[in-house]
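Reading the structure
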Amino acid sequence: MKRSARSCWLGFDLGGTKMMAVVFDGDFEVAASVKSKTKGAEGTGEVLERIQSTISDALQEAGILPTDIGGIGVGCPGPLDLDRGVILHAPNLSWHNVTLKATLEKRFKCPTVIANDVDAGTYGEFRFGAGRGARCVLGIFPGTGIGGACVYEGRIIRGRTGSCMEIGHVLVQADGRLCGCGHRGCLESVASRLAISADAAAAVYRGEAPALQRLAGTDLAEIKSGTLAKAIKAGDSAVESIVRGAARHIGLAVANTVNLLAPDVVVFGGGLVEAMPEIVVGEARKAICAQAMSAFTKDLKIVAAELGDNATAMGAAALAAAEGSKP
Ligand SMILES: [Zn+2]
């Protein structure tokens, strides 16, 4: 790989269960990639230490020094104070006001940017994946929650102090289920992986999903995206209709957003989409085309993400590079 001074970039994906540090060369080819468990329950100090050792391991694996990287980009769960580089609150990590940017800048002595993980993933797809070259890319990442992001004319659309596009909390069912945010009927409450798994567990309980019964029983923690996909392949039509129903709801929320933004591309990513791209993207596409204005859907690309697991790290590294090249 190329190894002139500060020609590499480091992208970091900080998730609730795992973290990943990826070293990219100047052409954004992967030079090294190291994963660790997040283990948020161990406390802020432990996790911060593990983030730094994971980065060090990745640099070592790539055979480079911190002085060889031009910057670090971190995609992390929010809410974030983007300007100060502070994670204000990360419920999955029990974090409050963690000064991640300052910590990493001090340790690795290079500029660091932090971004919302879905923003970073969508930016990655805009730069290197399914949204390349588009004027307006809408990214939707259904998972434990449902994240949304928009890259418009090369920039991530932001709110006043942090990220925005919380499509998971758009109302899709008046007086519906209670959502984690405290309101009722949000998209997340009917279509997140958690909501799907809960409905699937109920189907197992009713004896309607024999394959899922064998694979996971009614244990929510075991009913992951890949397990749902296996159950559907094995013939659990009840599970398939639950997933299709969720994807339809996601499509309806996206259709509303398409009417507001008229994007060129809608990119679907995340674990649920990776496990069942045809079902999730296909069903969402049908709902979008049925509901959004035809002028906006005529040439609209509705596709699965291309970068997979690397999207957030790659987008975060590219953001660090873009920040670094600013005058
Ligand atoms: Zn909500």
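Procedures and definitions
Residues numbered from 1 in each chain as written. Predicted model: local features only at pLDDT ≥ 70, side-chain atom pairs only at ≥ 80, totals over all residues. Heavy atoms only, no water. Helix = DSSP H or I, 4+ residues; strand = E, 2+ residues; numbered from the N terminus. Rg over C-alpha atoms; globule rule 2.2 N^0.38 Å. Contact = heavy atoms within 4.5 Å. Areas by Shrake-Rupley, 256 points an atom, 1.4 Å probe, with all protein chains shown as cover. Phe/Tyr/Trp six-rings, centres within 6.5 Å; stacked < 30°, edge-to-face > 60°. Buried < 20%, exposed > 50% of the residue type's maximum accessible area, 1.4 Å probe, protein only. Axes fitted to C-alpha atoms, helices over the stretch in contact; angles between N-to-C directions. Parallel < 35°, antiparallel > 145°, perpendicular 65-115°, else oblique. Left-handed = near helix turned anticlockwise from the far one by under 90°. Nonpolar A, V, L, I, M, F, W, Y, C, P; charged D, E, K, R; others polar. Donors = N, O, S within 2.8 Å, 3.2 Å for Na, K, Ca; no water. Tetrahedral: all angles 85-135°; square planar, octahedral: opposite > 155°, others 65-115°. Pairing = 2+ DSSP bridges. Expected span 1.5 Å × (residues − 1). Disulfide = S-S within 2.5 Å.

1. Quick look at the overall build of the protein
What the protein contains, in helices and strands, is 12 helices and 13 strands. Computed over the C-alpha atoms, the radius of gyration of the protein is 20 Å, within 12% of the 20 Å expected from 2.2 N^0.38 for a compact globule of 327 residues. By principal-axis analysis of the C-alpha atoms, the protein measures approximately 60 × 45 × 35 Å. Here the analysis covers contacts within the protein between residues at least 6 apart in sequence; of these, 62% occur between residues at least 24 apart. Total accessible area on the protein stands at roughly 14,700 Å², and carbon and sulfur atoms take up 50% of it.

2. Examining the packing of aromatic side chains
If you walk through the whole model with that rule in mind, you get three aromatic pairs. Ring geometry for Phe-28 against Phe-128: centres 5.0 Å apart, planes inclined by 35°, an arrangement best described as tilted. In this pair, Phe-28 is assigned in the loop between β2 (18-24) and β3 (30-37) and Phe-128 in helix α3 (residues 117-128), connecting sequence segments 100 residues apart. An angle of 45° between the planes, with centres 5.9 Å apart, marks the rings of Tyr-123 and Phe-126 as tilted. Of this pair, Tyr-123 and Phe-126 both sit in helix α3, separated by three residues, roughly a single helical turn. Here Tyr-123 and Phe-126 have matching classes, each one buried.

3. Side note on the packing of helix α1 (residues 44-62) against helix α2 (residues 100-108)
It is at 11 Å that the axes of α1 and α2 come closest, and there the two elements cross at 45°. As summarised for this structure, α1 and α2 are arranged oblique, according to the angle between their axes. Considering the relative orientation of α1 and α2, their crossing is right-handed. Contacts from Leu-48, Glu-49, Ile-51, Gln-52, Ile-55, Ser-56 and Leu-59 in α1 reach Leu-100, Thr-103, Leu-104, Arg-107 and Phe-108 in α2. Along the lines of polarity and charge, the residues of the contact of α1 with α2 split into seven nonpolar, three polar and two charged.

4. Some points on the coordination of the zinc ion
Around the zinc ion, the donor atoms from the protein are His-169 (ND1), Cys-179 (SG), Cys-181 (SG) and Cys-186 (SG), and they sit 2.0 to 2.4 Å away. One can describe the donor arrangement at the zinc ion as tetrahedral, given that its four donor atoms subtend angles of 103 to 122° at the metal. Mapping the donors of the zinc ion onto the primary sequence gives the spacing H-x9-C-x1-C-x4-C. With His-169 in the loop between β11 (155-156) and α4 (187-191) and Cys-181 in the loop between β11 and α4, this pair connects stretches of sequence that are 12 residues apart. On the accessibility criterion, Cys-181 (38% relative accessible area) is partly exposed.

5. Thoughts on the sheet that holds strand β7 (residues 95-98)
Across the sheet, three strands lie side by side as β5-β6-β7; this open sheet has antiparallel pairing. Every interior strand has two partners, whereas the edge strands, β5 (80-81) and β7, have only one. Where β5 meets strand β6 (residues 86-90), two bridges bridge the pair, whose relative direction is antiparallel. Along β6, the bridge assignment pairs Leu-80 with Ile-87.

6. Observations concerning helix α8 (residues 237-261)
An α-helical turn contains 3.6 residues, so any two residues separated by three or four positions project in the same direction. Here α8 spans 35 Å end to end across 25 residues, near enough to the 36 Å set by a 1.5 Å rise per residue. Ala-262 occupies a position one or two residues after α8 and carries a positive phi of about 45°.

7. Points about the pairing of β2
Counted residue by residue, β2 has six buried out of seven residues, so it is predominantly covered. One ladder, built from six bridges, connects strand β1 (residues 8-14) with β2; its direction is antiparallel. Residue pairing across strands places Phe-12 opposite Ala-21, the latter belonging to β2. Counting the residues between successive antiparallel strands, the hairpin from β2 to β3 contains five residues, one of them, Phe-28, with a positive phi of roughly 60°.

8. Observations concerning the state of the cysteines
Two cysteines form a disulfide when their sulfur atoms are joined by a covalent bond. All told, the structure shown has zero disulfides when counted by the stated rule. Cys-110 takes part in no disulfide bond, and the closest cysteine sulfur to it belongs to Cys-8, at a distance of 11 Å. Exposure remark for Cys-110: the relative accessible area of 4% places this residue in the buried category. This cysteine, Cys-150, is not joined by any disulfide, and Cys-136 carries the nearest cysteine sulfur, 3.8 Å off. A relative accessible area of 1% places Cys-150 in the buried class.

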